[in-house]
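Observations on the three-dimensional arrangement
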Amino acid sequence: MDLLTPELGLFVWTLIAFLAVFFILRKFAWKPILKSLHERETGIAESIASADRVKKEMGQMQAENEKLMMEARAQSAQMLKEAKEMKESIINKAKEETKAVADKMIAEAQQQIQQQKMAALTEVKNEIGKLAVEVAEKVIRKELATADSQNGYAQMLAEDIKMN
Amino acid sequence: MRSGRLFSLLALTFALSSAPVFTFAQHEENHENAHATEATAAHEGNHEEKKEGFNASEVIFGHIGDSHYWHLFDVNEHPVSLSLPVIIYHPTKGVEMFSASKFHHGHESYNGYQIEKGMKEKIVSEDGAAIIDFSITKNVLSMIISVVLLLWIMLSVAKKYKKNGTMVAPTGFQNALEPVVTFIRDEVGKPNLGNKYMRFMPLLLTVFFFIWINNLLGLLPGGANFTGNIAVTACLALVSFIVMLFNANKHFWGHLFNPPGVPLGIKFLLVPIEFISLFIKPIALMIRLFANILAGHIVILSVISMIFIFGALSKVAGWGFVPVSLAFSIFMFFLELLVAAIQAFIFTNLTAVFLGQAIEEAHHDDHAHAEAGHH
């Protein structure tokens, strides 16, 4: 069949055109296109990978931050607790100390009072003794001013002795 | 996985290539019928005007064949066409160049040459010398147009890539082209050629786009039947065959001429078969594209011609057939749009498959291991 026999002319023209297109496109179209497609693809893949990495790092950092926060919170709570305890202990200690001081002072005061009281009492006793002696002297002087009375008294004393 | 894909691809190829051939065969029948009806019509109306007769085969073969004119349309039975330059190599007279208009549509001879119109339009020398016709025919001109288009599109897109840098999103035509390029790379190049695919990408891309754009241009009304011409498909198949031969490695030739692990007696049987199969590959490439595109053109033209065939029988039948014919030809056009891309893809893919076979390294199964071990 005529249709199945290739014409040499068309064959040659096609070969020339195809090869020309091939060499031109290879140099000026396919290589740059394929190259930039490849570059873009690797670029995108890299960006995605680095984004993933950054995300992961961010996650890690966040976890770390949270941990740090927790620690700080725990620490502050601990510190607060300690401070509270310290305060209480200080107050208690102060209270105890003041109480001790007060007790001591009271005790000292009481002792002093006692001493003073004793001193005053002795003095009073001495005064009273002296007064009594003076009064007794005066009474005796007055009673024994006469001879009769002196006799009477001596008699009485003698009787006392006798009776004993 | 790879074999499964290959198998489905082959199945698809087979289905697609057999379908149009089938319709083609059917058409042949129709064509005979048309001839018959025409003959009867001619017989009946023999004493009336004979020019009323519509010769479908002449119209169809005029369209699918090559020509030294680019026929545009008829005005009052006078064809309006572009006369294309004729370039002839004569063994004794040398190269001659003149316009096809000198032939006055085949009515006159010029310079000892004349146009012979059979199934194919041919220039013959009156002295009977074996001349070679290098004319810029309709197909050649159509190809030049497609080449200019292809270069313009691809170079402008490539310029955009260079200008915009790599990390900028594609715009305009770049957007349309990029998925196709990546498709050829990822679905044709990589699976068939392995890690050497980058070496053959320019060829595969050029083959694909060259065939595709020519298929599409051929579908335009008045377009040439370029990819449906066997000289063209033969040329393309030859290019892929030569590339395959030049890149075939020791392993390929070894398996071809000295298949390992085969008894000597079988070798005498196997080697010729393998040798023939080597040449069948490009022939299959050539025939597949040629037959598919040719069949598509013939079917569309036949469907359109039906209007005129029925019109020749009676005016009512002709007008009545218009919607049917139009619907069918529109359907065929859409089908051919698909076929244009699919056949370009199949040609490219089979080229890649053949190349892949030629450059395949030893040990199919532990291919990756062997490679990793060697390097």
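As a reminder, the structure under discussion sits directly above these lines.
1. A look at the nonpolar core
Among the nonpolar cores identified, the biggest contains 82 residues, and A:W30, A:I33, B:M154, B:V181 and B:F209 are the most heavily contacted of them. Not counting residues within four places of it along the chain, the set of residues in contact with A:W30 comprises A:L25, A:K35, B:M154, B:V181, B:P202, B:L205, B:T206 and B:F209. In this structure, B:F98, B:F103, B:I115 and B:I123 belong to the second largest nonpolar core, which totals ten residues.

2. Looking at the interface of chain B and chain A
Each partner contributes to the interface: chain B provides 54 residues, whereas chain A provides 36 residues. Buried surface at the junction of chain B and chain A, both sides included, amounts to about 4100 Å², of which 80% is carbon and sulfur. Counting across the interface, chain B meets chain A through two salt bridges. Between A:R40 and B:E178 there is a salt bridge, with the nearest N and O atoms lying 2.6 Å from each other. Taken together, chain B and chain A are joined by five residue pairs in polar contact (both at pLDDT 80 or more). Listed by contribution, the elements that provide at least two residues to the side of chain B that touches chain A are α2 (56-64), β7 (132-133), α3 (138-164), α4 (173-193), α5 (197-219), α6 (230-247) and α8 (264-313) of chain B. At twelve residues, α3(B) tops the list of elements feeding residues into the side of chain B that touches chain A. Considered class by class, the residues forming the side of chain B that touches chain A number 40 nonpolar, seven polar and seven charged.

3. A look at the sheet that holds strand β4 (residues 94-99) of chain B
Whether parallel or antiparallel, the strands of a sheet pair through hydrogen bonds between backbone atoms. Residues and elements named next belong to chain B. Taken in spatial order, the three strands line up as β4-β3-β7 in an open sheet, and their pairing is antiparallel. Each edge of the sheet is formed by a strand with only one pairing partner; in this case those strands are β4 and β7. Where strand β3 (residues 85-90) and β4 come together, six bridges link them in antiparallel fashion. Its bridge partner lying in β4, I87 is registered against M97.

4. Notes on the packing of α8(B) against helix α9 (residues 315-359) of chain B
Residues and elements named next belong to chain B. α9 packs onto α8 with a crossing angle of 175° between their chain directions and a minimal axis gap of 7 Å. In terms of orientation, α8 and α9 fall into the roughly antiparallel class. The class makeup of the residues in the contact of α8 with α9 is 21 nonpolar, nine polar and four charged.

5. As for the side chain of B:S305
Structurally, B:S305 can be placed in helix α8. Discounting residues that sit within four places of it in the chain, B:S305 has contacts with B:F54, B:A56 and B:I60.

6. Concerning the pattern of salt bridges
All names here are of chain B. Following the criterion strictly, the structure yields seven salt bridges over all chains and no others. A salt bridge links D186 to R185; the nearest nitrogen and oxygen atoms lie 3.0 Å apart. Among the residues examined, D186 registers a relative accessible area of 28% and is labelled partly exposed. The class for R185 is buried, based on a relative accessible area of 3%.

7. Comments concerning the environment of A:I91
Residue and element names in this part refer to chain A. In this fold, I91 is placed in helix α1 (residues 8-143). We classify I91 as partly exposed; its relative accessible area is 40%. Considering only alpha carbons, one finds I91 and L10, 81 residues apart in sequence, at a separation of 114 Å.

8. Notes on the packing of aromatic side chains
Residues and elements named next belong to chain B. Counted by the stated rule, this structure contains 18 aromatic pairs over all chains. Between F208 and W212 the ring centres are 5.5 Å apart and the planes differ by 45°, which places this aromatic pair in the tilted class. With F208 and W212 both in helix α5 and four residues apart, the pair spans about one turn of that helix. With relative accessibility at 24%, the residue W212 sits in the partly exposed group. With 6.2 Å between their ring centres and 70° between their planes, F210 and F226 make a pair best called edge-to-face. Within this pair, whereas F210 is found in helix α5, its partner F226 is found in the loop between α5 and α6, the two being separated by 16 residues in sequence. Look at F226 and you get buried, because its relative accessible area is 1%. Through a chain of ring-to-ring contacts, three or more aromatic side chains come together here, namely F241, F252, W253, F257, F275 and F279.

9. As for the side chain of B:N225
Residues and elements named next belong to chain B. Relative to the elements of secondary structure, N225 occurs in the loop between α5 and α6. Judged by relative accessible area, which is 1%, N225 ranks as buried. Polar contacts involving the side chain of N225 include one to the main-chain amide nitrogen of G228, which spans 3.5 Å. In contact with N225, not counting residues within four places along its chain, are H63, I64, N139, I293, L294 and H297.

Cut-offs used in this document
Residues numbered from 1 in each chain as written. Chains lettered and ligands numbered in written order. Predicted model: local features only at pLDDT ≥ 70, side-chain atom pairs only at ≥ 80, totals over all residues. Heavy atoms only, no water. Core = buried A, V, L, I, M, F, W, Y, C linked by side-chain atoms within 4.5 Å. Buried < 20%, exposed > 50% of the residue type's maximum accessible area, 1.4 Å probe, protein only. Contact = heavy atoms within 4.5 Å. Buried area = accessible area lost by both parts, 1.4 Å probe. Salt bridge = Lys/Arg side-chain N within 4 Å of Asp/Glu carboxyl O. Polar contact = N/O pair within 3.5 Å; in protein donor to acceptor, adjacent residues only side chain to side chain. Helix = DSSP H or I, 4+ residues; strand = E, 2+ residues; numbered from the N terminus. Nonpolar A, V, L, I, M, F, W, Y, C, P; charged D, E, K, R; others polar. Pairing = 2+ DSSP bridges. Axes fitted to C-alpha atoms, helices over the stretch in contact; angles between N-to-C directions. Parallel < 35°, antiparallel > 145°, perpendicular 65-115°, else oblique. Phe/Tyr/Trp six-rings, centres within 6.5 Å; stacked < 30°, edge-to-face > 60°.

Fair warning: the whole summary comes from geometry, so function is off the table for now.
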